[in-house]
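Analysis of the macromolecular model
Read off the chains here:
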There are 2 protein chains.
Amino acid sequence: MEKNITVENVQGDCSKTLFAIQDTLDLISGKWKIKVISVLLYGKKNFTDLQRQIDGLGAKMLSKELQDLEINGLITRTVNVTKPITVTYELTDYGHTLKSVIIELAEWGTKHRHKITGR
Amino acid sequence: MEKNITVENVQGDCSKTLFAIQDTLDLISGKWKIKVISVLLYGKKNFTDLQRQIDGLGAKMLSKELQDLEINGLITRTVNVTKPITVTYELTDYGHTLKSVIIELAEWGTKHRHKITGR
């Protein structure tokens, strides 16, 4: 049975918690990965959809980010035998587990912006 | 009334969500800030405590990170008129709002480590 981590019950094991936090941030905190994952939370997308929805992300970089995400087991890449051939990307079940992390980050960022800008 | 953000209800407003996520990551994703905040979630600490609990963090860098966090309204710095003078750092109520973000990051990172290492 997995024990839930709370700030209280890791009191004696602070360094493990800090490593775990760093692991997550290492995986998601590049300039683009979290954005790609966020867009894929809405459903599968092809390469062009992704590029269009993420402002400023070039094809070469998107390609690299998708490859990293695939290696980490967060997305799958499917080649569809259509004419012309299309490639779609989809979050794995494991990728979907990042949803609650992303929602927390989005909520906090939105409140922070309200606080800083007063809007 | 603040509307909760979920992946579902921001469907029409994906770019705002992406900006909000980036705002949060910009604030916490340096090498040390999230660690300092995490340690302070356990209660106020003085400078030496913080340095001892965060492996590899030098005095000069810690000093800079604490100053940034203070400017962003996340911590307070209190000079205690003791002999010798001590300085304690404490999360503000606002700093404490990062708790749920940190717990999500820690939980996900722990599960990810289990998955990757099988331990």
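Scroll up a little and you will see the structure.
The sections below set out a description of the structure shown in this document.

Rules and cut-offs
- Residues numbered from 1 in each chain as written.
- Chains lettered and ligands numbered in written order.
- Predicted model: local features only at pLDDT ≥ 70, side-chain atom pairs only at ≥ 80, totals over all residues.
- Heavy atoms only, no water.
- Helix = DSSP H or I, 4+ residues; strand = E, 2+ residues; numbered from the N terminus.
- Buried < 20%, exposed > 50% of the residue type's maximum accessible area, 1.4 Å probe, protein only.
- Contact = heavy atoms within 4.5 Å.
- Salt bridge = Lys/Arg side-chain N within 4 Å of Asp/Glu carboxyl O.
- Least-squares fit on C-alpha atoms with pLDDT ≥ 70 in both.
- Buried area = accessible area lost by both parts, 1.4 Å probe.
- Polar contact = N/O pair within 3.5 Å; in protein donor to acceptor, adjacent residues only side chain to side chain.
- Pairing = 2+ DSSP bridges.
- Axes fitted to C-alpha atoms, helices over the stretch in contact; angles between N-to-C directions.
- Phe/Tyr/Trp six-rings, centres within 6.5 Å; stacked < 30°, edge-to-face > 60°.
- Lys NZ or Arg CZ within 6 Å of the ring centre and 35° of its normal.
- Expected span 1.5 Å × (residues − 1).

**Observations regarding the overall build of chain A**
Check the secondary structure of chain A and you find six helices and three strands. For chain A, the sequential pattern of α-helices and β-strands runs α-α-β-α-α-β-β-α-α. Expressed as a percentage of the 119 residues in chain A, the buried residues total 45%. In chain A, once contacts between residues fewer than 6 apart in sequence are set aside, the share between residues at least 24 apart is 41%.

**Some words on the environment of Asp68 of chain B**
Within the element layout of this structure, Asp68 of chain B appears in helix H4 (residues 59-71). Taking the C-alpha atoms as reference points, Asp68 of chain B and Glu90 of chain B, separated by 22 residues in sequence, lie 14 Å from one another.

**Comments concerning the pattern of salt bridges**
Working definition: two side chains of opposite charge can pair if their charged atoms are close together. The final tally for this structure, using the stated rule, is ten salt bridges over all chains. One salt bridge in this structure joins Asp68 of chain A and Lys33 of chain A, with 3.3 Å as the shortest N-O distance. Here Asp68 of chain A, found in helix H4 (residues 59-71), pairs with Lys33 of chain A, found in helix H2 (residues 33-40); they are 35 residues apart in sequence, far enough to count as distant. The salt bridge partner of Lys64 of chain B is Asp68 of chain B, with a shortest N-O separation of 3.0 Å.

**Describing the relation of the copies chain A and chain B**
Superposition of chain A onto chain B requires a rotation of 180° combined with a translation of 0.0 Å along the rotation axis, giving an RMSD of 0.0 Å. The superposition operator between the copies reduces to a two-fold rotation axis. Both copies share a contact surface, since 100% of the interface residues of chain A are interface residues in chain B too.

**Observations concerning the interface of chain A and chain B**
With 51 residues of chain A at the contact, the number on the chain B side is 51 residues. With both chains or domains summed, chain A and chain B bury close to 4,900 Å², and 67% of this area falls on carbon and sulfur atoms. For the interface between chain A and chain B, the tally reads two salt bridges. If you look at where chain A meets chain B, you find twelve residue pairs in polar contact (both at pLDDT 80 or more). Listed by contribution, the elements that provide at least two residues to the side of chain A that touches chain B are helix H1 (14-28), H2 and helix H6 (99-117) of chain A.

**Thoughts on the sheet that holds strand E3 (residues 86-91) of chain A**
All names here are of chain A. Strand order in the open sheet formed by three strands is E1-E3-E2, with antiparallel pairing between adjacent strands. The open sheet has two edge strands, strand E1 (45-46) and strand E2 (75-80), and neither has a second partner. Inspection of the sheet shows E2 paired to E3 by six bridges, in the antiparallel sense. Within E3, the residue paired with Val79 across the bridge is Val87. In the packing of H2 onto the sheet, the strands contacted are E1, E2 and E3, and the crossing angle to E3 comes to about 95°.

**What to know about helix H2 (residues 33-40) of chain B**
Most of H2 of chain B sits out of view: eight of its eight residues are buried. Among the residues of H2 of chain B, those classed as buried are Lys33, Ile34, Lys35, Val36, Ile37, Ser38, Val39 and Leu40 of chain B.

**A closer look at the sheet that holds strand E3 (residues 86-91) of chain B**
All names here are of chain B. Across the sheet, which stays open at both edges, the three strands sit in the order E1-E3-E2 with antiparallel pairing between neighbours. Since the sheet does not close on itself, it has two edges, and those belong to strand E1 (45-46) and strand E2 (75-80), each with one partner. Relative to E3, E1 runs antiparallel, the two sharing two bridges. Considered in E3, the bridge of Asn46 is made with Thr88. Its contacts with the sheet put H2 on E1, E2 and E3, and the angle it makes with E3 is roughly 95°.

**Some thoughts on the environment of Asn72 of chain A**
In this structure, Asn72 of chain A sits in the loop between H4 and E2. Residue classification places Asn72 of chain A among the partly exposed residues on the basis of a relative accessible area of 26%.

**Concerning the packing of aromatic side chains**
Going through the model one piece at a time under the given rule, you end up with two aromatic pairs over all chains. It is Lys115 of chain A that lies over the ring of Tyr94 of chain B; its NZ or CZ is 4.2 Å from the centre.

**Some points on H1 of chain A**
Between its terminal C-alpha atoms H1 of chain A stretches 22 Å, which fits the 21 Å expected from 15 residues at 1.5 Å a residue. Counting buried residues in H1 of chain A gives eleven out of 15 residues, a clear majority hidden from the surface. Summarising the contacts, the buried residues of H1 of chain A are in contact with H2 and H6 of chain A together with helix H1 (14-28), H2, helix H3 (47-53) and helix H6 (99-117) of chain B.

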